[in-house]
Amino acid sequence: MASAVADGLRRRGVEGVTVVEADMLSASDEEHLALGRRENRVIVTHDDDFLRLAARGDPHAGIVYIPRRRSVGEIIRRLSGLARTLSAEEMADHVEFL
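Residues numbered from 1 in each chain as written. Predicted model: local features only at pLDDT ≥ 70, side-chain atom pairs only at ≥ 80, totals over all residues. Heavy atoms only, no water.

J.: For this particular structure, what's the right way to read the overall build of the protein chain?
T.: Looking only at helices and strands, one finds five helices and three strands in the protein chain. Counted from the first residue to the last, the protein chain has its helices and strands arranged as α-α-β-α-β-α-α-β. On C-alpha atoms alone, the protein chain measures out to a radius of gyration of 12 Å, which is about the 13 Å that the 2.2 N^0.38 rule sets for 98 residues. A principal-axis box enclosing the C-alpha atoms of the protein chain has dimensions of 30 × 30 × 25 Å. Scored against the burial criterion, the 98 residues of the protein chain give a buried share of 38%. Long-range pairs, those at least 24 residues apart, make up 52% of the contacts in the protein chain with a sequence separation of at least 6. Put simply, the protein chain shows about 6000 Å² of open surface, and 48% of that area lies on carbon and sulfur atoms. A gap of 7 Å separates the mean positions of the 14 positive and 17 negative side-chain charges of the protein chain. (Helix = DSSP H or I, 4+ residues; strand = E, 2+ residues; numbered from the N terminus. Rg over C-alpha atoms; globule rule 2.2 N^0.38 Å. Buried < 20%, exposed > 50% of the residue type's maximum accessible area, 1.4 Å probe, protein only. Contact = heavy atoms within 4.5 Å. Areas by Shrake-Rupley, 256 points an atom, 1.4 Å probe, with all protein chains shown as cover. Lys, Arg positive; Asp, Glu negative; His and termini not counted. Charge placed at Lys NZ, Arg CZ, Asp CG, Glu CD.)

J.: Can you help me understand a nonpolar patch on the surface in this one?
T.: On the surface, a cluster of nonpolar side chains totalling about 300 Å² of accessible area is made up of V19, V20 and L25. Among the secondary structure elements, V20 is positioned in the loop between α1 (3-11) and α2 (29-39). A residue is classified by how much of its surface remains accessible, and V20, at 59% relative accessible area, is exposed. (Patch = residues over 30% accessible without salt bridge, like charges linked within 9 Å, V, L, I, M, F, W, Y side chains within 5 Å. Salt bridge = Lys/Arg side-chain N within 4 Å of Asp/Glu carboxyl O.)

J.: Please clarify how the nonpolar core should be interpreted in this entry.
T.: A general trend in soluble globular proteins is that nonpolar side chains are found buried together. V5, L9, V14, V64, I66, I75, I76, L79, L82, M91 and L98 together form the largest nonpolar core, which totals 11 residues. Put simply, the parts of the chain that give this core at least two residues each are α1 and α4 (72-85). Per-element accounting of this core gives the leading share, four residues, to α4. Leaving out residues up to four positions away in the same chain, I66 has contacts with M1, V44, T45, H46, I75, L79 and L98. (Core = buried A, V, L, I, M, F, W, Y, C linked by side-chain atoms within 4.5 Å.)

J.: Help me understand α4 in this model?
T.: An α-helical turn contains 3.6 residues, so any two residues separated by three or four positions project in the same direction. With 14 residues, α4 extends 20 Å between its outermost C-alpha atoms, agreeing within 8% with the 20 Å of an ideal straight helix rising 1.5 Å per residue. Those residues of α4 that fall on the buried side of the exposure criterion are I75, I76, L79, S80, G81 and L82. (Expected span 1.5 Å × (residues − 1).)

J.: Would you explain the sheet that holds strand β2 (residues 63-65) in this entry?
T.: Strands in a sheet are paired, the pairing made by backbone hydrogen bonds, and the direction either parallel or antiparallel. Taking strand neighbours across the sheet as the criterion, the three strands line up as β1-β2-β3 in an open arrangement whose pairing is parallel. In this open sheet, the two strands that pair with only one neighbour each are β1 (43-45) and β3 (95-97). Averaged over neighbouring strand pairs, the angle between their axes works out to 15° when direction is ignored. (Pairing = 2+ DSSP bridges. Axes fitted to C-alpha atoms, helices over the stretch in contact; angles between N-to-C directions.)

J.: For this particular structure, what's the right way to read the pattern of salt bridges?
T.: Opposite charge on two side chains permits them to pair, given that their charged atoms come into close proximity. Inspection of the entire model under this criterion finds 10 salt bridges. Here R52 ties to D48 by a salt bridge, and the two come within 3.5 Å at their closest N and O atoms. As a salt-bridge pair, D49 and R52 come within 2.2 Å of each other at their nearest N and O atoms. Of this pair, D49 and R52 are both found in helix α3 (residues 49-55), three residues apart, which corresponds to roughly one turn of the helix. When its relative accessible area of 29% is taken as the criterion, D49 is described as partly exposed. Linked through salt bridges whose partners overlap, the residues forming this network are D7, R10 and E21.

J.: I'm lost on the packing of α1 against α4 in this one. Help?
T.: One can describe the packing of α1 onto α4 by two numbers: an axis separation of 9 Å at closest approach and a directional angle of 45°. Taken together, α1 and α4 sit at an angle that is classed as oblique. Crossing of α1 against α4: the hand is right-handed. Here α1 contributes A4, V5, G8 and L9 to the contact with α4, which in turn contributes V72, I75, I76, L79 and S80. (Parallel < 35°, antiparallel > 145°, perpendicular 65-115°, else oblique. Left-handed = near helix turned anticlockwise from the far one by under 90°.)

Right, dumping it as structure tokens:
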């Protein structure tokens with residue numbers, strides 16, 4: 001996900017961390033899910049590998065899958081709305097498609 005998305009979300013009061021900021025650039029998908037669970041962070045991704053992990057039952061704090069064709073502005077708007085709509089408890093083990 002583009003760092004501009006994280007920046008735009010922060011300007012709207014939505015906390016977020018990029019993989020670079022979390023020093024997780026070379027981490028496996030399973031490691032990303034584990035960090036998300038530990039820190040109660042939703043994974044926002046274009047990578048459909050996370051959908052497969054969720055489908056096989058790997059626990060997670062939430063996954064938001066976004067098709068690559070969406071613009072940065074649209075992603076920020078949709079994620080901001082989602083953050084206002086669903087709680088952390090509602091996102092746990094939930095996959096949301098934007």
